[in-house]
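Listed below are the residues making up each chain.
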Amino acid sequence: MITYCIGFLLLFSSVCAGQSNQQPGSKREINATEENEMNKRSCVHLSKLGAKERMSLYPFNKAVLIQLVSFDNPDEENIKACLPEVNGKIDYSKLKEIKALNQHQIDTLTDILYNYGYEEPFKTDYLTQCYRPRNAILFLDSSNDVFAYMELCFECKGTRLSSAKFQAGIFCLQKYDLLALFFSEVGISYGIRKEDPIE
């Protein structure tokens, strides 16, 4: 399943070893025609999938533990920066904040991802190279290993998924705002605001 991030209908090859589907966000000025099209991208709560259906989608159906995290992106000019890894595994020593989700929070997260979408289709798409991720959703298996993740750049509104198998829903216009608020409510403070400094 191809994930649509705001303004993007293209998949990009990975810039970090062993990972795929980079989707950088966009911040350029838009004209009146594009503004009209962007209005069609607004999020609507469609309530199409119940809790059981949402939990049956990958990677939620395989996860024993789900964590929200933040991390430094030390080089603001480096669009290749990503989740810190050592030998192909997430380097937890370099994560700033880690919050494990309870079942109620997982239900909220899946509702945001899968039940918010477009009210009607849109036509235009655009792309820039802005991508400075500082947050992620990690999915762990019974061995406590991260087997899937969604990397997030709230500043540029971009997402990178661990694999093409990841079913992430439709990224309508306000989806990043909904996720940023969710991160904040769970207790993650770094990286969710545009004004957060890169350390």
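Residues numbered from 1 in each chain as written. Predicted model: local features only at pLDDT ≥ 70, side-chain atom pairs only at ≥ 80, totals over all residues. Heavy atoms only, no water.

Caption draft 1: Representation of the overall build of the protein within the structure. Secondary structure assignment for the protein yields four helices and ten strands. Starting at the N terminus and walking to the C terminus, you meet the elements of the protein as β-α-β-α-β-β-β-β-α-β-β-β-β-α. Considering only residue pairs separated by 6 or more positions, the protein has 74% of its internal contacts joining residues 24 or more positions apart. Total accessible area computed for the protein in this model is approximately 9700 Å², and 50% of it derives from carbon and sulfur atoms. (Helix = DSSP H or I, 4+ residues; strand = E, 2+ residues; numbered from the N terminus. Contact = heavy atoms within 4.5 Å. Areas by Shrake-Rupley, 256 points an atom, 1.4 Å probe, with all protein chains shown as cover.)

Caption draft 2: Highlighting the side chain of Ser163. Within the fold, Ser163 resides in the loop between strand S10 (158–161) and helix H4 (175–186). Of the polar contacts made by the side chain of Ser163, one reaches the backbone nitrogen of Lys165; its length is 3.2 Å. (Polar contact = N/O pair within 3.5 Å; in protein donor to acceptor, adjacent residues only side chain to side chain.)

Caption draft 3: Quick look at H4. In this model, H4 (twelve residues) spans 17 Å end to end at C-alpha, consistent with the 16 Å of a helix rising 1.5 Å per residue. Those residues of H4 that fall on the buried side of the exposure criterion are Lys175, Tyr176, Leu179, Ala180, Phe182, Phe183 and Val186. The buried residues of H4 occupy one face: seen down the axis, they fall within an arc of 160°. One or two steps after H4, the chain reaches Gly187, where phi turns positive at roughly 120°. (Expected span 1.5 Å × (residues − 1). Buried < 20%, exposed > 50% of the residue type's maximum accessible area, 1.4 Å probe, protein only. Arc of directions from axis to C-beta.)

Caption draft 4: Local environment of the state of the cysteines. Tallied over the entire structure, the rule returns one disulfide. Between the sulfur atoms of Cys43 and its disulfide mate Cys172 the distance is 2.0 Å. Its S-S torsion of about 100° marks the bond between Cys43 and Cys172 as right-handed, since a negative value means left-handed. Here the residue Cys43 occupies a position in strand S2 (residues 43–45), and Cys172 occupies one in the loop between S10 and H4, the gap between them amounting to 129 residues. (Disulfide = S-S within 2.5 Å.)

Caption draft 5: Quick look at the pattern of salt bridges. Counting across every chain of the model gives seven salt bridges. Among the salt bridges present, the one from Arg54 reaches Asp107, with a minimum N-O distance of 2.4 Å. With Arg54 in helix H2 (residues 51–55) and Asp107 in helix H3 (residues 103–115), this pair connects stretches of sequence that are 53 residues apart. Looking at Arg54, the relative accessible area reads 5%, which means it is buried. Overall, the relative accessible area of 30% leaves Asp107 in the partly exposed class. (Salt bridge = Lys/Arg side-chain N within 4 Å of Asp/Glu carboxyl O.)

Caption draft 6: Main features of the nonpolar core. Within the largest apolar cluster, 29 residues are counted, with the highest numbers of intra-cluster contacts made by Ile137, Met150, Leu152 and Phe183. Looking at this core, the elements with two or more residues in it are strand S3 (65–71), H3, strand S8 (135–140), strand S9 (146–153) and H4. A per-element tally of this core places H4 first, with six residues. The residues contacting Phe183, other than those within four sequence positions of it, are Leu68, Val69, Asn135, Ala136, Ile137, Leu152, Phe154, Ile188 and Ile192. Grouped together as the second largest cluster of nonpolar side chains are nine residues, Val69, Phe71, Leu138 and Leu140 included. (Core = buried A, V, L, I, M, F, W, Y, C linked by side-chain atoms within 4.5 Å.)

Caption draft 7: Structural context of the confidence of the model for the protein. Taken residue by residue, the protein gives an average pLDDT of 80. The fraction at 70 or more is 68%. Confidence drops under pLDDT 50 across residues 1–15; counting only partners more than four residues distant or on other chains, this segment forms 50 contacts. Under a pLDDT of 50 for its full length, residues 17–22 has, in the predicted model, 29 contacts with residues more than four places off or in other chains. (pLDDT = per-residue confidence, 0-100.)

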